[in-house]
Amino acid sequence: TLKELEGMDRSPEQRELFRKFSDQLISQRLKSRNEPSAGPAIVVMRGKCSLVNCEISDCTGGGALVCNPSNQIMELQLHISGCTIRNCVKAGVESREFGNLLVENSEIHDNHQGAIIWRDAQNVKISNCNIYNNKNEGILAMQDDGNYDNSSMVILEGNNIHNNMIGISTAFMRNLEVIGNQLYLNRSWGI
């Protein structure tokens with residue numbers, strides 16, 4: 001919980017930064033619950049964000065979005081670990097426009113799509129996640145411009161992807177690695 005994290009051994013600057021982030025997160029979450037077709041509950045465009053053991057749920061838009069329109073940040077921007085992302089009207093997790101994303105050891109379920117990686121997402125790794133019961137794809141990895149000439153680097157490793165319409169859907173991805181995933185009981189295709 002936020003109270004537990006506030007009490008952790010942190011410098012005064014880290015505590016203040018966490019408090020500001022928490023206030024923004026709470027106000028964005030309230031906003032996303034009250035507006036039809038709201039944007040994602042969490043948007044990371046600059047800086048870095050780490051979500052550990054959190055729940056993102058019941059969003060009228062997406063769950064978490066990472067993008068880097070300026071293409072100036074080359075290292076990890078959004079790290080999600082041990083989280084539950086569920087019941088989002090749009091994607092549970094989305095990376096686009098040079099966004100850098102790591103999702104690990106998380107549950108992503110009952111969203112429109114579990115994860116969308118598209119529009120020149122940069123470095124994305126989804127590993128050891130349970131991705132299920134999403135209305136469309138468990139994971140959609142694609143470039144929407146029909147061009148293989150992109151720098152996206154995507155790794156999908158060790159995930160259980162099941163009970164979605166399609167497990168993994170991909171198009172125009174030159175650098176996509178699918179390693180040791182279990183895909184089963186998807187209603188249309190596994191991949």
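See the structure shown above.
Residues numbered from 1 in each chain as written. Predicted model: local features only at pLDDT ≥ 70, side-chain atom pairs only at ≥ 80, totals over all residues. Heavy atoms only, no water.

Caption draft 1: Broad picture of the overall build of the protein chain. Looking only at helices and strands, the protein chain features two helices and 18 strands. When the 191 residues of the protein chain are sorted by exposure, 42% land in the buried category. Pairs at least 24 apart in sequence give 54% of the contacts found in the protein chain among residues at least 6 apart. (Helix = DSSP H or I, 4+ residues; strand = E, 2+ residues; numbered from the N terminus. Buried < 20%, exposed > 50% of the residue type's maximum accessible area, 1.4 Å probe, protein only. Contact = heavy atoms within 4.5 Å.)

Caption draft 2: Just the sheet that holds strand β10 (residues 115-117), in detail. Taken in spatial order, the six strands of this open sheet run β1-β4-β7-β10-β13-β16, and their pairing is parallel. At either end of the open sheet lies a strand with only one pairing partner, and these are β1 (42-44) and β16 (166-171). The sheet shows a mean angle of 10° between the axes of neighbouring strands, direction not considered. Bridge count between β1 and strand β4 (residues 64-67): three bridges; the pairing is parallel. The residue bridging Ile42 from the neighbouring strand is Ala64, located in β4. (Pairing = 2+ DSSP bridges. Axes fitted to C-alpha atoms, helices over the stretch in contact; angles between N-to-C directions.)

Caption draft 3: Representation of the nonpolar core within the structure. Membership of the largest hydrophobic core comes to 32 residues, with the highest contact counts inside it found for Leu78, Ile80, Ile117, Ile126 and Ile139. Those residues in contact with Leu78 that lie beyond four places of it in its chain are Val44, Cys49, Leu51, Ala64, Val66, Asn100, Leu101 and Leu102. (Core = buried A, V, L, I, M, F, W, Y, C linked by side-chain atoms within 4.5 Å.)

Caption draft 4: Expanded view of the state of the cysteines. Counted according to the given criterion, the structure contains zero disulfides. No disulfide involves Cys83; its sulfur sits 4.6 Å from that of Cys54, the nearest cysteine. (Disulfide = S-S within 2.5 Å.)

Caption draft 5: Structural detail: the pairing of strand β13 (residues 137-142). Counting buried residues along β13, five of its six residues qualify, which places the element largely inside the surrounding structure. The pairing of β10 with β13 spans three bridges and is classified as parallel. Looking at β13, one finds that Ile117 is bridged to Ala141. Note that β13 and β16 share five bridges and pair parallel. The residue bridging Ala141 from the neighbouring strand is Thr170, located in β16.

Caption draft 6: View of the environment of Ile117. Mapped onto the fold, Ile117 is located in strand β10. A C-alpha to C-alpha distance of 5.0 Å links Ile117 and Ser95, two positions 22 residues apart in sequence.

Caption draft 7: Spotlight on the sheet that holds strand β12 (residues 130-132). Taken in spatial order, the six strands make up an open sheet running β3-β6-β9-β12-β15-β18, and their pairing is parallel. Of all the strands in the sheet, the pair left with one neighbour each is β3 (55-57) and β18 (182-184). Geometrically, the sheet is characterised by an average inter-axis angle of 5° between neighbouring strands, direction not taken into account.

Worth remembering: the numbers are spatial, not functional.
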